[in-house]
Amino acid sequence: MTCAETIELETPPAPAGNPVRLPMGLLGFEQIKDYVLVVNPGEEPFAWLRVEDNSALAFVVVDPFVVLPEYKPDIPPADVEFLGLKNADDALLLGIVTVHGANHATMNLRGPVVINRHTHTGKQVIITNANQYSVQHPLPVADNVA
Amino acid sequence: MLILSRKPGESIVIDGHIRVQVMRLEGDVVKLGIEAPATVPVHRQEVYEEIQRSNQQALTKQSSPLPKLAGAAKPPAAAAKKMNLSKP
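The numbering scheme is per chain: residues are counted from 1 as the chain's sequence reads. Key to labels: chains lettered from A, ligands numbered from 1, both in the order written. A pLDDT threshold of at least 70 governs which residues receive local features in this predicted model, and a stricter bar of 80 or more applies before side-chain atom pairs are shown or counted, although totals over entire chains, interfaces and linings include all residues.

Novice: Would you mind showing me how to read the sheet that holds strand β3 (residues 29–35) of chain B here?
Specialist: Backbone-to-backbone hydrogen bonds pair the strands of a sheet. The strands run either parallel or antiparallel. All names here are of chain B. For two strands to be treated as a pair, DSSP must find at least two bridges joining them. Numbering of helices and strands runs from the N terminus, with a helix taken as a DSSP run of H or I at least four residues long and a strand as a DSSP run of E at least two residues long. If you walk across this open sheet you meet the three strands as β1-β2-β3, and the pairing is antiparallel. The open sheet has two edge strands, β1 (11–14) and β3, and neither has a second partner. Mean inter-strand twist for the sheet, computed between neighbouring axes without regard to direction, equals 25°. With four bridges connecting them, β1 and strand β2 (residues 18–26) associate as antiparallel partners. Bridge assignment links I12 to a residue of β2, and that residue is V20. Whenever a helix is involved, its axis is fitted only over the stretch in contact; in every case the axis is a line through C-alpha atoms, and angles between N-to-C directions fall within 0 to 180 degrees.

Below is the structure:
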């Protein structure tokens with residue numbers, strides 16, 4: 001698994017997406033634990049973290065390093081242990097995107113979703129250096145979408 | 001909620017391995033020192049609540065339109081390596 005493929009899990013991306021289990025849910029959505037990571041052609045670098053039920057509820061996610069190459073999150077030891085991460089390449093990071101409008105979107109850099117590529121288990125992690133980053137980091141959205 | 005009175009310098013111990021000490025009072029600010037194993041995450045409550053609110057705001061339907069990023073998105077070269085994994 002090369003780093004350039006950070007949006008992909010170990011198994012090849014299936015059209016239906018890759019299952020992701022968040023045993024602790026997302027903050028505020030602790031009861032929802034099963035998701036599917038869907039990457040649609042033409043929508044990259046965005047992907048969807050879709051709730052694994054029939055609700056069509058989903059979160060827009062993005063590889064934070066695509067937007068902010070200098071992003072350097074510190075993952076707390078408890079989370080490294082919980083996720084069974086042996087080295088940084090084991091982890092897929094996703095920033096949850098909030099679409100505020102056609103020309104305004106932000107991503108959460110304080111609480112990225114960290115997924116073990118091999119087990120597909122993840123957790124929303126509050127990074128140790130959260131005070132260096134914003135929960136609403138602006139995305140460079142194109143002014144006009146024709 | 002258990003309410004305890006403590007003076008500066010005094011502590012409470014939680015579960016035998018987490019110590020919270022009142023360091024000092026500065027006006028209406030209480031400085032707390034927290035000694036906990038590295039595997040116990042300690043955060044300000046506001047950070048939790050801020051991320052909760054952000055998640056609630058971010059929840060959407062999969063059919064909703066996505067923004068277009070300005071400029072070509074750069075491939076995240078060696079991206080994962082920039083992350084620091086703290087060893088337990």
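Novice: Would you mind going over the nonpolar core with me for this structure?
Specialist: The tendency in soluble globular proteins is for nonpolar side chains to be buried as a group. Residue and element names in this part refer to chain A. By our criterion, buried Ala, Val, Leu, Ile, Met, Phe, Trp, Tyr and Cys residues that link up through C-beta atoms within 7 Å make up a nonpolar core. Three exposure classes are used. Buried residues have 20 or more other C-beta atoms within 10 Å of their own C-beta, exposed residues have 12 or fewer, and partly exposed residues fall in between, all C-beta atoms being placed from the backbone. Core analysis: the largest hydrophobic core is formed by 48 residues, its most contacted members being L49, V60, V61, L94, I96, V97 and V114. The leading source of residues in this core is strand β6 (residues 91–101), at six residues. For the purpose of contact definition, each residue receives a C-beta atom placed from its backbone, and two residues are in contact when these atoms lie within 7 Å. With residues up to four places along the chain from it excluded, the contact list for L49 reads V20, Y35, L37, A58, F59, V61 and L94.

Novice: Explain the confidence of the model for chain B here, please?
Specialist: In regions of low pLDDT, the predicted coordinates are not meant to be interpreted in detail. For chain B, mean pLDDT is 83; residues scoring 70 or higher make up 80% of the total. Highest mean pLDDT in chain B belongs to β1(B) (97); lowest belongs to strand β5 (residues 84–85) of chain B (65). For every residue, the predictor assigns a confidence score, pLDDT, that lies between 0 and 100.

Novice: Looking at this model, I keep getting lost on unusual backbone geometry. Mind explaining?
Specialist: Where the residue is not glycine, phi is negative for most of them; where a peptide bond is considered, it is trans in most cases. Residue and element names in this part refer to chain A. Here the residue pair E44 and P45 is connected by a cis peptide bond, since its omega of 10° sits within 30 degrees of zero. Inspection of the secondary structure puts P45 in the loop between β2 (34–38) and β3 (46–51). Residue A56 is not a glycine yet carries a positive backbone phi of 65°. Mapped onto the elements of the fold, A56 is located in the loop between β3 and β4 (57–62).

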